[in-house]
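# Observations on the model geometry
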Amino acid sequence: MRGRILIAAAGMLGLVAAPAARAQAQTPESYRIGMTVAITGPFSAGYAPTYEAYRTYFKRVNDAGGINGHPVAITYEDDRGEPQRAAAAAKKLTDGSLLLINASISPTYKPVMTEAEATKTPLLFGGGVCPREAFPPAAPLIFCTTSFGSKWDSRMALGFIKEQSAGKKVKIGFAAQDIPLSRIELEFAEQHAKELGMDTIPVVVVPGSASDFTPFAQNLKEAGADWVFSWAPWGVEIGVFEALNRIGWKGNYILYGHQPAQDELTRLKAPNLHALTGNAMFVENLPIHAEITNLVKGQTNHPAHYMAEGWTSAMVLDAGLRKCGWPCSREKLAQALAGVSVDTKGLRGGPIEMTADNHYRKVTYYKVYRWDAAKSAIVSVGGWSKLDIK
Amino acid sequence: MAQALATTVVVASLYALLGAGYVLVYRASRVLNLAQGDLLTLGGYLLFASAATFPGTPAVALPLAAVLSAITGVLVYVALMRPMAGHPVFAAVLVTVTLGILLRAAIVFVFTDRTRHPLQQLGLSNPPRPLIAGAVVSTFDLVMVGAAVVLFAGLFVFLKISPLGIRMRAAGERALLASQRGIDFHGVFALSWALAAFAGGLAGMIYSSNVRLEPSIGILGLRAFAVALVGGLDSLGGVIPAALLVAAVEVASVRYGNALLSDVSPFLCLLVMLLIRPWGMFGTKEELERV
């Protein structure tokens, strides 16, 4: 009797399992990736486009047959830029994922990195500022594709100012936001400017929720700044510049050109506003820009040029997965990423090349853009400049 | 010094416009409207939407956004606050908190979280205006100050002279007596919400034209709440000196102290006021006990 029951149960299991097995044979296994990203919340403007770029990029990859014959399945978790949510998302996403992506604000980094380390999951930062663990000597599992990088951006901005001032003594001010990353970066810049022989004004720290940027701008103006450098979230960068303009300041301003920079240069038409950026602005109309613009049409509420950070990051992951082959493990993928060389097709000034101890890139490229009133267009001030990352 | 004074007056005008909204609703209905900051945000986005609909025609877009702000206030009262009549005031306050959250979510849903600039679509510019002693303000800084002066002057005249304004004061001061005299409470409350939403919306329209427009600017409402409490929650006149005081402390902390203090300066002012005169500069003690 018991034997008959077992046979019947086995038969039923077979009936259930057979179609599932057939389906599995028809649908190849996926490269499973997890992404914790600030899709909503107060900081989403800078990160939601990265999520949209990834979604669009890998839809195209999957529609074309996937990578090495396998689709890429990315699970997205909205962390709203909140560390607790990011921690929960990382815990959930590391279960079965080959790699974790973080596209969120820096307070989410620690919990996500802790979870990635505990589960030996490679972690790729794309869209947010790169953690120091990605720079040489890099931590084995931490990678970063973001265009801006702490300390390197300041070096490039100050070098640009020195070049523009053509031997004339410069007095420089700095506008930071009241977040550790921005303050530390600009305190470094202040020190570096002194080493370059510039007169410096102590860093002006601006609360992100300031009702009016005028008093902060006034401090910079009255201190006699010829140049002001800002490296902060976009609201403060541009807010201080506009306040300086409102009170009739005549100096030059350089900021890191985050995603809105292209729109804002066009809106403000201010010849004294310079945007330093690692991404080519879409006003250059490169073929890759047209390609992205066409692909994201109808897929996003953001302008196509907001996709540059996420698109580049997706290109790096694509290259890593191709190199990893099939089957791919976390260890293999980390090794693959540590050796990628990605042609960014002009989105950046050159390829993104990672090495065993440099998970940022061997060489980083920058361009400075400003508004040219004569041409009534955004122009680049010179071509790409490069810095070796050591 | 002249520049610091000019900036103080500009910031105070913003806080005064917002603070008036808190006081108007509180005086009429004894409800703390904690969605006032979000009504500011909404005003900015209504201007953005009207400017996008009628680009380059500020004469249409600006009044339209102002009227829509006031209508929003009436709708809020009719749809959310009127059904709360008879329930504890605490529940009505929670409704305003929920309203704020919903407004923020709706704004992100409709307009996304990108920073917007209505001025660009209005076809207006915001050039600097030199004042005396080297101080410079923007054109929309002046508009902010002018709007606050006109609004407060209008409100004082309206509340002192007009029959409707007198009825509004009566409803706020002696509710039972006013109801026995046949004053339409719902009409008065709806009007107070309309005026509060109008004041908040106006502040939002000017602020977004002058500085920026993004879903998070509603945080300014929290600072203005401190202003309303410092002035006295039931005193419209108290809003003006309170706004000037809070703005002066804020600007002075940036100019002469630690810039980071400016972020908390409204609440430092509130803390000091609570310690020495908990009912505010011109508020009444009974009202504080009620709160």
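### With respect to the overall build of chain B
- Secondary structure summary: chain B contains 13 helices and two strands in total.
- Here the C-alpha radius of gyration of chain B, 19 Å, is about what a compact globule of 291 residues would show, namely 19 Å.
- Counting over 291 residues, chain B shows a buried share of 51%.
- For chain B, the proportion of contacts with a sequence separation of at least 24, taken over those separated by at least 6, is 76%.

### A word on the nonpolar core
- Membership of the largest hydrophobic core comes to 218 residues, with the highest contact counts inside it found for Ala-175, Val-206 and Phe-216 of chain A together with Tyr-15 of chain B.
- Among the elements that make up this core, the one with the highest residue count is helix α1 (residues 2-29) of chain B (17 residues).
- The two domains that each donate at least three residues to this core are domain 1 (31-148 + 285-364) and domain 2 (152-279 + 367-388) of chain A.
- Sequence-distant contacts of Phe-216 of chain A, defined by excluding residues within four places in its chain, comprise Ala-175, Val-204, Val-206, Ala-210, Val-240 and Ala-243 of chain A together with Val-254 and Ala-259 of chain B.

### Some points on the domain arrangement of chain A
Residues and elements named next belong to chain A.
- According to the domain assignment, chain A contains domain 1 (31-148 + 285-364) and domain 2 (152-279 + 367-388).
- A C-alpha centroid distance of 28 Å is found between domain 1 and domain 2.
- The partner domain 2 presents 16 residues to the 18 residues of domain 1 that form the contact.
- For the side of domain 1 that touches domain 2, the elements supplying multiple residues, two or more each, are α2 (44-63), α11 (308-324) and β14 (363-372).

### Points about the packing of helix α2 (residues 36-53) of chain B against helix α9 (residues 185-210) of chain B
Residues and elements named next belong to chain B.
- Two elements in contact, α2 and α9, have axes separated by 6 Å at closest approach and are oriented at 55 degrees. Taken together, α2 and α9 sit at an angle that is classed as oblique. When you trace α2 past α9, the crossing you get is right-handed. Contacts from Gln-36, Leu-39, Leu-40, Thr-41, Leu-42, Gly-43, Gly-44, Leu-46 and Leu-47 of α2 reach α9 at Ala-196, Ala-197, Gly-200, Gly-201, Leu-202, Ala-203, Gly-204, Met-205, Tyr-207 and Ser-208.
- By residue class, the composition of the contact of α2 with α9 is eleven nonpolar, eight polar and no charged.

### Some details on the sheet that holds strand β5 (residues 142-144) of chain A
Residues and elements named next belong to chain A.
- With parallel pairing, five strands are arranged side by side in an open sheet as β2-β1-β3-β4-β5. A strand with exactly one partner marks an edge of an open sheet, and here the two such strands are β2 (72-78) and β5. Looking at each pair of strands side by side, their axes are set apart by 25 degrees on average, direction ignored.
- Bridge count between strand β1 (residues 31-37) and strand β3 (residues 99-103): five bridges; the pairing is parallel.

### Structural notes on the interface of chain A and chain B
- If you look at the interface, chain A gives 27 residues, while chain B gives 28 residues.
- Those elements giving two or more residues to the side of chain A that touches chain B turn out to be α2, β8 (204-206), α7 (214-222) and α8 (234-246) of chain A.
- It is α7 of chain A that contributes the most residues to the side of chain A that touches chain B, five residues altogether.
- Partitioning the side of chain A that touches chain B into residue classes produces eleven nonpolar, twelve polar and four charged.

### Structural notes on the confidence of the model for chain A
- Within chain A, residue pLDDT values average 90, and 93% of them lie at 70 or more.
- Every residue in residues 1-25 of chain A scores below 50 in pLDDT, and together they form zero contacts with partners more than four places removed in sequence or on other chains.

### Looking at the confidence of the model for chain B
Residue and element names in this part refer to chain B.
- Here chain B averages 89 in pLDDT, while 98% of its residues score no lower than 70.
- α2 holds the highest mean pLDDT among the elements of chain B, 95, whereas helix α13 (residues 285-290) holds the lowest, 61.
- As scored by the predictor, the complex reaches a pTM of 0.84 and an ipTM of 0.80.

### A word on α2 of chain A
Residues and elements named next belong to chain A.
- For α2, with 20 residues, the first-to-last C-alpha span of 28 Å sits near the 28 Å given by 1.5 Å per residue.
- Among the 20 residues that make up α2, 14 are buried, leaving the element largely enclosed by the rest of the structure.
- With its phi angle positive at about 105 degrees, Gly-65 sits one or two positions after the end of α2.

### Topic: the pairing of β3 of chain A
All names here are of chain A.
- Across the five residues of β3, five count as buried, placing the element largely inside the fold.
- Looking at chain direction, β3 and strand β4 (residues 123-125) are connected through three bridges and run parallel. Looking at the pairing, Ile-101 lines up with Leu-124 of β4.
- Read as a crossover between parallel neighbours, the route from β3 over helix α4 (residues 109-118) to β4 is right-handed.

### Examining the environment of Arg-155 of chain A
Residue and element names in this part refer to chain A.
- On the secondary structure map, Arg-155 appears in helix α5 (residues 152-165).
- Overall, the presence of 16 C-beta atoms within 10 Å leaves Arg-155 in the partly exposed class.
- Along the sequence, Arg-155 and Ala-166 sit eleven residues apart, while their C-alpha atoms lie 17 Å from each other.
- The residues touching Arg-155, leaving out its near neighbours within four places in the chain, are His-192 and Leu-387.

The rules behind the values
Residues numbered from 1 in each chain as written. Chains lettered and ligands numbered in written order. Predicted model: local features only at pLDDT ≥ 70, side-chain atom pairs only at ≥ 80, totals over all residues. Helix = DSSP H or I, 4+ residues; strand = E, 2+ residues; numbered from the N terminus. Rg over C-alpha atoms; globule rule 2.2 N^0.38 Å. Buried ≥ 20, exposed ≤ 12 C-beta atoms within 10 Å, placed from the backbone. Contact = placed C-beta atoms within 7 Å. Core = buried A, V, L, I, M, F, W, Y, C linked by C-beta atoms within 7 Å. Domains from an automatic or database assignment. Axes fitted to C-alpha atoms, helices over the stretch in contact; angles between N-to-C directions. Parallel < 35°, antiparallel > 145°, perpendicular 65-115°, else oblique. Left-handed = near helix turned anticlockwise from the far one by under 90°. Nonpolar A, V, L, I, M, F, W, Y, C, P; charged D, E, K, R; others polar. Pairing = 2+ DSSP bridges. pLDDT = per-residue confidence, 0-100. Expected span 1.5 Å × (residues − 1). Right-handed = clockwise from strand over helix to strand, strands pointing away.

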